[in-house]
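Residue-level listing of the chains:
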Amino acid sequence: MWESGAMKFFWTYAPRPTIKASIGYGAWLLFQATLYQFLPSALSTGQLTPAGNLLKYRTNGLLAWAVTHWLFVATSMYGILDPAIIAKNWEGLLVIANVWGFALTMIAYAKAHLAPTHEGDRKFSGSKLYDLYMGVELNPRMGELFDFKLFINGRPGIIAWTLIDLSFIAYQYQLHGFITNSILVSTALHTIYVVDFFINEDWYLRTIDICHDHFGFYLAWGSAVWLPGMYTLQTQYLARNPLDLSNVVAITILLTGISGYVLFRSVNHQKDLVRRTKGACKLWGKPAEVVRVKYQTKDGLTHDSILLCSGWWGFARHVNYLGDLVLSFSMCAACGTSNLLPYTYGIFMTILLIHRCWRDEERCSKKYGQGWVDYCKKVRWVIFPGIY
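Only a predicted model underlies this, so the values are computations on that prediction, with no experimental measurement involved.

1. Digging into the overall build of the protein chain
Phase 1: When its secondary structure is counted, the protein chain shows 17 helices and eight strands.
Phase 2: Against the compact-globule benchmark of 21 Å for 388 residues, the protein chain has a radius of gyration of 22 Å, which places it among compact chains.
Phase 3: In terms of overall dimensions, the protein chain has a C-alpha envelope of 60 × 55 × 50 Å along the principal axes.
Phase 4: The buried share among the 388 residues of the protein chain stands at 51%.
Phase 5: A sequence separation of at least 24 residues applies to 74% of the contacts in the protein chain between residues at least 6 apart.
Phase 6: Approximately 19,100 Å² of the protein chain is accessible, and the part contributed by carbon and sulfur atoms is 66%.
Phase 7: Taking the 34 positively charged and 25 negatively charged side chains of the protein chain as two groups, their mean positions are separated by 4 Å.

2. Quick word on the pattern of salt bridges
Phase 1: Using the criterion set out here, one finds 13 salt bridges in the structure.
Phase 2: The partner of Glu137 in a salt bridge is Lys111, and the shortest N-O contact between them spans 3.0 Å. Of the two residues, Glu137 sits in the loop between helix H6 (128-134) and strand E3 (141-142) while Lys111 sits in helix H5 (residues 90-114), which places them 26 residues apart along the sequence.
Phase 3: By relative accessible area, which is 18% here, Lys111 ends up buried.
Phase 4: Within this structure, Asp202, Arg206 and Asp272 form a network of salt bridges that share partners.

3. Quick look at the side chain of Asp196
Phase 1: Positionally, Asp196 belongs in helix H9 (residues 181-199).
Phase 2: At 2.7 Å, the side chain of Asp196 and the side chain of Arg265 are in polar contact.
Phase 3: In contact with Asp196, not counting residues within four places along its chain, are Thr191, Tyr261, Phe264 and Arg265.

4. Brief notes about the packing of H9 against helix H13 (residues 233-240)
Phase 1: It is the contact of H9 with H13, at a shortest axis distance of 9 Å, that shows an interaxial angle of 165°. When the axes of H9 and H13 are compared, the pair comes out roughly antiparallel. Here H9 runs over H13; the crossing is left-handed. Mapping the contact onto sequence places Ser182, Ile183, Ser186, Thr187 and His190 in H9 and Gln234, Thr235, Leu238 and Ala239 in H13.
Phase 2: Split into classes, the residues belonging to the contact of H9 with H13 amount to three nonpolar, six polar and no charged.

5. Structural notes on the side chain of His318
Phase 1: Considering the arrangement of structural elements, one finds His318 in the loop between strand E8 (302-308) and helix H15 (320-333).
Phase 2: Filtering out sequence-adjacent residues up to four positions away, His318 remains in contact with Trp313, Cys357, Asp360, Glu361, Val382 and Ile383.

6. Thoughts on a nonpolar patch on the surface
Phase 1: On the surface, a cluster of nonpolar side chains totalling about 530 Å² of accessible area is made up of Val73, Met77, Tyr78 and Ile80.
Phase 2: With respect to the helices and strands, the residue Met77 is situated in helix H3 (residues 61-77).
Phase 3: Judged by relative accessible area, which is 65%, Met77 ranks as exposed.

7. Notes on the nonpolar core
Phase 1: One finds Trp161 and Tyr231 to be the most contacted residues of the largest nonpolar core, which totals 89 residues.
Phase 2: Not counting residues up to four positions away in its chain, the partners in contact with Tyr231 are Trp161, His190, Trp226, Tyr345, Phe348, Met349 and Leu352.
Phase 3: The next biggest cluster of nonpolar side chains, apart from the first, holds 10 residues, and it includes Val291, Tyr295, Cys364 and Tyr375.

8. Things to note about the packing of helix H2 (residues 19-38) against H3
Between two packed helices, both the angle of their axes relative to each other and the distance between the axes serve to describe the pair.
Phase 1: Contact geometry for H2 and H3: axes closest at 10 Å, N-to-C directions at 135°. For the element pair H2 / H3, the angle class is oblique. With respect to the hand of their crossing, H2 and H3 are arranged in right-handed fashion. On the side of H2, the interface is formed by Trp28, Phe31, Gln32 and Leu35, while H3 contributes Ala64, Val67, Thr68 and Leu71.

9. What to know about unusual backbone geometry
Phase 1: Phi angles above zero are rare outside glycine, and Lys278 is one such case at about 55°.
Phase 2: When you line up the elements, Lys278 lands in the loop between helix H14 (247-277) and strand E5 (282-283).
Phase 3: Of note in the backbone geometry, Trp284 takes a positive phi value of approximately 55° without being a glycine.

About the cut-offs
- In every chain, residue numbers begin from 1 and rise along the written sequence.
- The predicted origin of the model limits local features to residues at a pLDDT of at least 70 and limits the giving and counting of side-chain atom pairs to 80 or more, whereas totals for whole chains, interfaces and linings rest on all residues.
- To obtain the side-chain values, all non-hydrogen atoms of the structure were used and water was disregarded.
- Helix and strand labels come from DSSP, where a helix needs a run of H or I of at least four residues and a strand needs a run of E of at least two; each type is numbered from the N terminus.
- In this setup the radius of gyration rests on C-alpha atoms only. A globule is expected at 2.2 Å times the number of residues raised to 0.38.
- Here the term buried applies to any residue with accessible area under 20% of the maximum for its type, exposed to any over 50%, and partly exposed to those in between, with areas from a 1.4 Å probe on protein chains only.
- We call two residues in contact whenever any of their non-hydrogen atoms come within 4.5 Å of each other.
- Methods summary: accessible areas were calculated by the Shrake-Rupley approach with a probe of 1.4 Å, and residue burial reflects only the protein chains presented.
- We treat Lys and Arg as the positive residues and Asp and Glu as the negative residues; His and chain ends play no part in the count.
- A single reference atom marks each charge: NZ on Lys, CZ on Arg, CG on Asp, CD on Glu.
- A pair is scored as a salt bridge if a Lys or Arg side-chain nitrogen falls within 4 Å of a carboxyl oxygen belonging to Asp or Glu.
- Distance and chemistry together define a polar contact, namely a pair of N or O atoms within 3.5 Å, with one atom able to donate a hydrogen and the other to accept it when in protein, and with adjacent residues in sequence counting only for side-chain atoms on both sides.
- Lines fitted to C-alpha atoms define the axes here, with helix axes fitted over just the stretch in contact, and angles between the N-to-C directions of these axes take values from 0 to 180 degrees.
- To sort the angles, those under 35 degrees are grouped as roughly parallel, those over 145 as roughly antiparallel, those from 65 to 115 as roughly perpendicular, and the leftovers as oblique.
- Each crossing is labelled by how the near helix is turned from the far one, with a counterclockwise turn of less than a right angle marking it left-handed and a clockwise turn marking it right-handed.
- Three residue categories are used. Nonpolar comprises Ala, Val, Leu, Ile, Met, Phe, Trp, Tyr, Cys and Pro, charged comprises Asp, Glu, Lys and Arg, and polar comprises the others, including Gly.
- The residues that make up patches have over 30% relative accessible area and no salt bridge, and they are joined within 9 Å when like-charged or within 5 Å when they are Val, Leu, Ile, Met, Phe, Trp or Tyr.
- The definition of a nonpolar core used throughout is a set of buried Ala, Val, Leu, Ile, Met, Phe, Trp, Tyr and Cys residues joined through side-chain atoms within 4.5 Å.

Here it is, written out as structure tokens:
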């Protein structure tokens, strides 16, 4: 690169836009928007917003995922669609996804100023650049139920995750004439994560993404580009660099990843159970221990809440992230140890979740005051007991 010059290097090797990829990507967005809007759906209730709004959401993600994958597999089996079409057009798709991510950021920023959905839930930092990056509106909507944030976060990118995996599996077969167990293990762990997300889509409405993060570049570009591009690195890598693991190693990686998922799901189940019962339940055969706190919304009303400090949540304040990290690094481990690139996802998740902890701790400290101090005295560790 240094010999030829940086500009010449990037001009030679940078991805190129294509008409085919651009049209395909536009059709993909319209198709997912149609499924989101018109497929049968339960109406789930989100968490109370700072301005006191209680919103309804269309949670038909699992059906949208199933319909999309059924169509992909069926058209591939009957020879209508080349199953490796995504992999073969990957460069052009990355370019148009970036265009969409930046355009969506500007649309969200303009909408927040010109036609906000809930004015009281907007957040201005005083910095235009920061507002562009982190967003102004909490729940931008078109009409009553088309929620931009849930759609962008939970439809085109995450449904594409496993679709991209399938396409790169087909690409590996077309390139090498075989399919390795490593790419199947990685895809199986990805699928567990994605399907679980949609089965528990109602739970997602009470996470930091929906409840606290405003909609700007961070979520718009992140969901449009970073998620499908970064989270599928393992299958992208293995399609071009096939690795056949021994049966023992493959099974060990798979079971380790599943154990991380089981921990992740068990931890969140306990939290949901305690929320639903307002603490009047048992965890591991014992009454749940909670710290009862109060907080105020922007309308001046005072609300009661509870912070769980027993069961898994007695070990760490964000113990749910531990299972997430075990699953993430298991996905990467399927790629072996000869290259750091596939581990970028695990490294990113570590940074993301630690940063998310810092943000959540700061937010909870301001929200709950002394109640949060009392809770931290009961539960000392953040993610990993004894370490952090």
